[in-house]
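Each chain, written out:
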Amino acid sequence: MSTAFSMTPLFRQSIGFDRFNDLFESAMRNESGSSYPPYNVEKHAEDAYRIVVAAAGFHEEDLDLQVERGVLTVTGGRREQDADNVTYLYQGIARRAFKLSFRLADHIEVKAANLVNGLLNIDLVRIVPEEAKAKRIPINGARPALDS
């Protein structure tokens, strides 16, 4: 009997989070349709992330990205049929509409997005303002004089 616990579902839809409460909440909320299209969440550096969505059959104008209240939403809509009036004998490339949502952590911003070879690459970066960064407080060996 294995007692190993996989944390993979926790990191699938949250980018840049260090708080487990939000990760558990999104993992427990098993949204239907979240497996299409397939996607990867990659960490490239300490403050650089990338979401790669397999968007085969979609053009740039078929895709829409929006960030609202810390949630990145990627939607893909169906195009009208091609002007060629093609009859498919077999259609294995799904072009159905989809909607993916990713909760972004504080200070995570979308840097760029591009569609290359059927893959939608969304680059994210964490930009932490100076006032939110941790500060090192020096310890002074001498006792400070108390003013009265």
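If you're wondering where the values come from, they're calculated on a predicted model, not measured in any experiment. (Residues numbered from 1 in each chain as written. Predicted model: local features only at pLDDT ≥ 70, side-chain atom pairs only at ≥ 80, totals over all residues. Heavy atoms only, no water.)

Caption draft 1: Expanded view of the nonpolar core. Counting 20 residues, the largest nonpolar core has Leu72, Val74 and Leu124 as the members making the most contacts within it. For this core, the secondary-structure elements that each account for two or more residues are strand E3 (48–54), strand E5 (71–76), strand E6 (98–104), strand E7 (108–116) and strand E8 (119–126). It is E6 that provides the largest number of residues to this core, a total of 4 residues. (Core = buried A, V, L, I, M, F, W, Y, C linked by side-chain atoms within 4.5 Å. Buried < 20%, exposed > 50% of the residue type's maximum accessible area, 1.4 Å probe, protein only. Helix = DSSP H or I, 4+ residues; strand = E, 2+ residues; numbered from the N terminus.)

Caption draft 2: Seen up close, the side chain of asparagine 121. Mapped onto the elements of the fold, asparagine 121 is located in strand E8. The buried category is assigned to asparagine 121, whose relative accessible area is 14%. Once residues lying within four places of it in the same chain are set aside, the contact partners of asparagine 121 are Arg50, Ile51, Val52, Ala112, Ala113, Asn114 and Val116. (Contact = heavy atoms within 4.5 Å.)

Caption draft 3: Just the pairing of strand E2 (residues 39–45), in detail. When E2 meets E3, the two strands line up antiparallel, connected through 6 bridges. Paired with glutamate 42 across the two strands is arginine 50, which belongs to E3. (Pairing = 2+ DSSP bridges.)

Caption draft 4: Just the pattern of salt bridges, in detail. In the structure shown here, the tally under the stated rule is 2 salt bridges. When the shortest N-O distance is used, the salt bridge between arginine 126 and aspartate 47 registers 3.9 Å. Residue arginine 126 is located in strand E8, and its partner aspartate 47 is located in the loop between E2 and E3; the two are separated by 79 residues in the primary sequence. On the basis of relative accessibility, which here comes to 17%, the residue arginine 126 falls in the buried class. (Salt bridge = Lys/Arg side-chain N within 4 Å of Asp/Glu carboxyl O.)

Caption draft 5: View of the environment of isoleucine 51. Here isoleucine 51 lies in strand E3. With relative accessibility at 0%, the residue isoleucine 51 sits in the buried group. For the pair isoleucine 51 and leucine 119, spaced 68 residues apart in sequence, the C-alpha separation works out to 9.8 Å.

Caption draft 6: Seen up close, the packing of aromatic side chains. For the structure on display, the rule yields 3 aromatic pairs. Arranged with centres 6.1 Å apart and planes meeting at 85°, the rings of tyrosine 36 and phenylalanine 98 form a pair that is edge-to-face. In this pair, tyrosine 36 is assigned in the loop between helix H2 (20–28) and E2 and phenylalanine 98 in strand E6, connecting sequence segments 62 residues apart. One exposure class covers both tyrosine 36 and phenylalanine 98, and it is buried. Aromatic pair phenylalanine 58 and phenylalanine 98: ring centres 5.4 Å apart, planes at 85°, arrangement edge-to-face. In this pair, phenylalanine 58 is assigned in the loop between E3 and strand E4 (63–68) and phenylalanine 98 in strand E6, connecting sequence segments 40 residues apart. Like phenylalanine 58, the residue phenylalanine 98 is buried in the burial classification. (Phe/Tyr/Trp six-rings, centres within 6.5 Å; stacked < 30°, edge-to-face > 60°.)

Caption draft 7: Up close: the pairing of E8. Among the 8 residues in E8, 6 count as buried, and that is most of the element. In this antiparallel pair of consecutive strands, E7 and E8, the connection spans 2 residues, and asparagine 117 shows a positive phi of 55°.

Caption draft 8: Representation of the sheet that holds E7. With antiparallel pairing, 4 strands are arranged side by side in an open sheet as E2-E3-E8-E7. Edge positions in the sheet fall to E2 and E7, since each has one partner strand and no second. Going across the sheet, the axis of each strand differs from the next one's by a mean of 20°, ignoring polarity. Where E3 and E8 come together, 7 bridges link them in antiparallel fashion. Along E8, the bridge assignment pairs isoleucine 51 with isoleucine 122. (Axes fitted to C-alpha atoms, helices over the stretch in contact; angles between N-to-C directions.)

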